[in-house]
Amino acid sequence: MQYKHDAGTPARTQRRRRRRRPTVVLYGLALLAALMAVTGLVKLVTGRGGDTPADVTKNAGKTAEATTVAADGTKTDDAAKTNDGAPVVTAEPLPEDEAILKADTLARGYFYDEAIEALQGVDTDAAKAKIAEIQDLKSKLVLYEGKYYHVFFHSLIVYPDLAFDNKGHPAQGYNEWMTTVSEFQKMLPLFLENDFVLYDITEMMELDADGNAQPKPIYLPAGKKPLVISIDDVNYYDYMKPDGFADRLDVDENGRVVTIVKDHDGVEHVTYDGDVMPILDTFVDEHPEFSFRGAKGIVAETGYAGAFGYRITDLELFSEAEGKAMLEKVKEVAQALRNTGWQISSHSYTHNQYWNKKTITMEQMQYDTGRWQNEIEPYVGDTNIFISPFGVQFDDNAPVFRYLIEKGKFNIYCPVGSPMNVRFAGDVMFMERLNLDGYTMMKHPERISKYFFDPKLVLDPARPPMD
């Protein structure tokens, strides 16, 4: 893939305008309140937010005394927390219909044990029937022995007229290597209709007693296929800013990841459809069956231009207070992503052309890995996933590759390859990814239709012709 910039030197940016927090709707229907309770339930039961469905709607507001629901049907005061962050539970059982609705939503997301637990103490025929139904669903899970699927995107084009006007970055690059919001939104129901279910890549492999990578058993409903989605370069580079992309990520009052998007007049807006992450979050809210136990995808970060749109590796350009605020914001965004089922990966620090040309020296690999570990990882969190820049693949025993794996502590390595082959070698799982972008949709549609859908069904008419 030849679309990338040479990122050998740090990016420069102007100071950002103050962000406005979104106004949140304070009231919802009783059904909405019941669905919102699911998130609090599963966080409490599983102990990690990434295992739960996200909040049910982007407009789910906070009340003066916000509550969540525990597995035994009791409500909890979100403001009351123990020292370890666990909610303090008070005895206030849910009505039968709410408990059944909550359990049904959990079961749709494959949280079978949690769904059954949610109905304990509800001694009615309807609740007993629902428990039996959920137990039957769980008993029908089968060992998956088929192909793994992994597709990837870059940050989505929000305004095609700006991306393709040739006034900023050349339109040809965007046309080849990017996907529009409209296209991504049309893809999701097609994935669902074709029995794909989002699966956590870190649950696809495990290390044996000797430290060798091996497949981890996957159990799914018969006919379902595991899908991994990743998004490269979620950094919102400076060259993209006038071209119709989001400006940065943020977190709303409900802990949801949002996009800050500037319209044609340069006015900032908080949106829930400015990139893959919030769009997919909303889709899973509406279709819990598309995500196995809350899994979403992988957000791949470089480092030379900071993270998530915040230039934390150029702090000398900002005041001390601004720099501190950006570092805290990156931590906040990273935690919100993880809480809602997302993984974060390294995409290298420099994304330099020496990756693409495979000329990277040991000194350069040490520099790249060191800067990621020192300047990005402390703020986005540890990861064992490496999304290779330019989709590059090295010889398994190449010294620079072994340094990356061992020093970087990565045991999942994802290059690019349209067959989406997966192999386990030594201490690493290698998983190829298929790019669902303009180039593949327009030049090699058969690569997509072979596994997923006809690209003509989603292609944005705003795209210019491709030579």
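Along each chain, numbering runs from 1 in the same order as the chain's sequence is written. Where local features are concerned, this predicted model is filtered to residues with pLDDT of at least 70; where side-chain atom pairs are given and counted, the filter is 80 or more; whole-chain, interface and lining totals use all residues. Processing note: side-chain calculations cover all non-hydrogen atoms of the structure and skip hydrogens and water entirely.

Each helix corresponds to a stretch of at least 4 residues labelled H or I by DSSP, and each strand to a stretch of at least 2 residues labelled E; elements are numbered beginning at the N terminus. Helix and strand counts for the protein come out as 14 helices and 20 strands. Buried residues are those whose accessible area, probed at 1.4 Å on protein chains only, stays under 20% of the maximum for their type, while exposed residues exceed 50% and partly exposed ones sit between those limits. Residues counted as buried form 55% of the 467 residues belonging to the protein. Between two residues, a contact is recorded if the distance between any of their heavy atoms is within 4.5 Å. Taking all contacts inside the protein whose residues are at least 6 apart in sequence as the whole, residues at least 24 apart take part in 71%. Carbon and sulfur atoms make up 50% of the accessible area of the protein, which amounts to about 19700 Å² in all. Every accessible area reported is derived by Shrake-Rupley at a probe size of 1.4 Å, with residue values counting cover from the shown protein chains alone.

On to the pattern of salt bridges. Salt bridge, as used here: a side-chain nitrogen of Lys or Arg that lies within 4 Å of a carboxyl oxygen of Asp or Glu. Following the criterion strictly, the structure yields 24 salt bridges and no others. In this structure, Lys331 and Glu328 form a salt bridge, with 3.9 Å as the shortest nitrogen-oxygen distance. With Lys331 and Glu328 both in helix α9 (residues 320-339) and three residues apart, this pair spans about one turn of that helix. Of the charged contacts in the structure, one is a salt bridge between Arg423 and Asp396, with a shortest N-O distance of 2.7 Å. Highlighted residues: Arg423 in strand β18 (residues 422-425) and Asp396 in the loop between β16 (385-387) and α12 (399-408), separated in sequence by 27 residues. With a relative accessible area of 35%, Arg423 lands in the partly exposed category. Exposure remark for Asp396: the relative accessible area of 25% places this residue in the partly exposed category. It is possible to trace a salt-bridge network through shared partners that takes in Lys241, Asp247, Arg248 and Glu268.

Tracing the backbone shows Lys224 in the loop between β9 (219-221) and β10 (225-232). Judged by relative accessible area, which is 16%, Lys224 ranks as buried. Not counting residues within four places of it along the chain, the set of residues in contact with Lys224 comprises Tyr110, Tyr144, Asp195 and Val197.

Let us look at the confidence of the model for the protein. Scored from 0 to 100, pLDDT records how confident the predictor is in each individual residue. With 80% of its residues at a pLDDT of 70 or more, the protein has an overall mean of 85. For the stretch residues 1-91, pLDDT sits under 50, and the model shows 216 contacts to residues farther than four places along the chain or on other chains.

It is worth spelling out the sheet that holds strand β11 (residues 248-251) at this point. A pair of strands counts as paired when DSSP detects no fewer than two bridges linking them. Reading across from one edge, β11-β12-β13 is the order of the three strands in this open sheet, with antiparallel pairing throughout. Two strands close off the open sheet at either side, each with one partner strand: β11 and β13 (268-271). Geometrically, the sheet is characterised by an average inter-axis angle of 35 degrees between neighbouring strands, direction not taken into account. Here four bridges tie β11 to strand β12 (residues 257-262), and the two strands are oriented antiparallel to one another. Residue pairing in the sheet places Leu249 in a bridge with Thr259 of β12. Fitted lines through C-alpha atoms serve as axes, helices being fitted only where they are in contact, and the angles separating the N-to-C directions of these axes extend from 0 to 180 degrees. This element, α9, spans β11 and β12 of the sheet and lies at about 75 degrees to β11.

Let us now look at the packing of helix α2 (residues 96-108) against helix α4 (residues 125-139). One can describe the packing of α2 onto α4 by two numbers: an axis separation of 10 Å at closest approach and a directional angle of 5 degrees. As far as their axial angle goes, α4 and α2 are roughly parallel. Contacts between α2 and α4 involve Glu96, Ile100, Ala103, Asp104 and Ala107 from the first element and Ala126, Ala127, Lys130, Glu133 and Ile134 from the second. Residues were grouped as follows: Ala, Val, Leu, Ile, Met, Phe, Trp, Tyr, Cys and Pro as nonpolar; Asp, Glu, Lys and Arg as charged; and all remaining residues, including Gly, as polar. Counted by class, the contact of α2 with α4 contains six nonpolar, no polar and four charged residues. Here the word oblique covers every angle except those under 35 degrees (roughly parallel), over 145 (roughly antiparallel) and from 65 to 115 (roughly perpendicular).

Here we take up the pairing of strand β15 (residues 343-346). Both faces of β15 are covered, namely the face carrying Gln343 and Ser345 and the face carrying Ile344 and Ser346. Pairing of strand β14 (residues 298-301) with β15, which is carried by four bridges, proceeds in the parallel orientation. Paired with Ile298 across the two strands is Gln343, which belongs to β15. Taking the sense of rotation as the criterion, the β-α-β connection linking β14, α9 and β15 turns out right-handed. The handedness rule is simple: strands pointing away from the viewer, and a clockwise path from the first strand over the helix to the second, make the crossover right-handed.

What follows concerns the packing of helix α7 (residues 181-193) against helix α8 (residues 276-286). At a minimum axis distance of 11 Å, the contact between α7 and α8 shows a crossing angle of 35 degrees. The way α7 lies across α8 gives a crossing that is right-handed. Contacts between α7 and α8 pair Val181, Phe184, Gln185, Leu188, Pro189 and Leu192 from the former with Val276, Ile279, Leu280 and Phe283 from the latter. When the residues that make up the contact of α7 with α8 are grouped by side-chain class, the tally is nine nonpolar, one polar and no charged. Note on convention: the crossing is left-handed when the near helix lies turned anticlockwise from the far helix by less than a right angle, right-handed when the turn is clockwise.

On to the packing of aromatic side chains. Two aromatic rings from Phe, Tyr or Trp, using only the six-membered ring of Trp, form a pair when their centres are within 6.5 Å; if the ring planes differ by under 30 degrees the pair is stacked, by over 60 it is edge-to-face, and anything between is tilted. Per the counting criterion, the structure on display carries 26 aromatic pairs. Ring geometry for Phe283 and Phe290: centres 5.5 Å apart, planes at 90 degrees, overall edge-to-face. The interplanar angle of 65 degrees and the centroid separation of 6.2 Å between the aromatic rings of Trp355 and Phe394 together place this pair among those described as edge-to-face. Highlighted residues: Trp355 in helix α10 (residues 353-356) and Phe394 in the loop between β16 and α12, separated in sequence by 39 residues. Since its relative accessible area comes to 0%, Trp355 is described here as buried. When its relative accessible area of 11% is taken as the criterion, Phe394 is described as buried. Connected via pairs of aromatic rings, a cluster forms that spans Trp355, Phe386, Phe394, Phe401, Phe410, Tyr413 and Phe430. Sitting over the ring of Phe196, Lys225 keeps its end group 4.2 Å from the ring centre. It is Arg423 that lies over the ring of Phe430; its NZ or CZ is 4.0 Å from the centre. The rule is short: NZ of Lys or CZ of Arg within 6 Å of the ring centre and within 35 degrees of the ring normal puts a charge over the ring.

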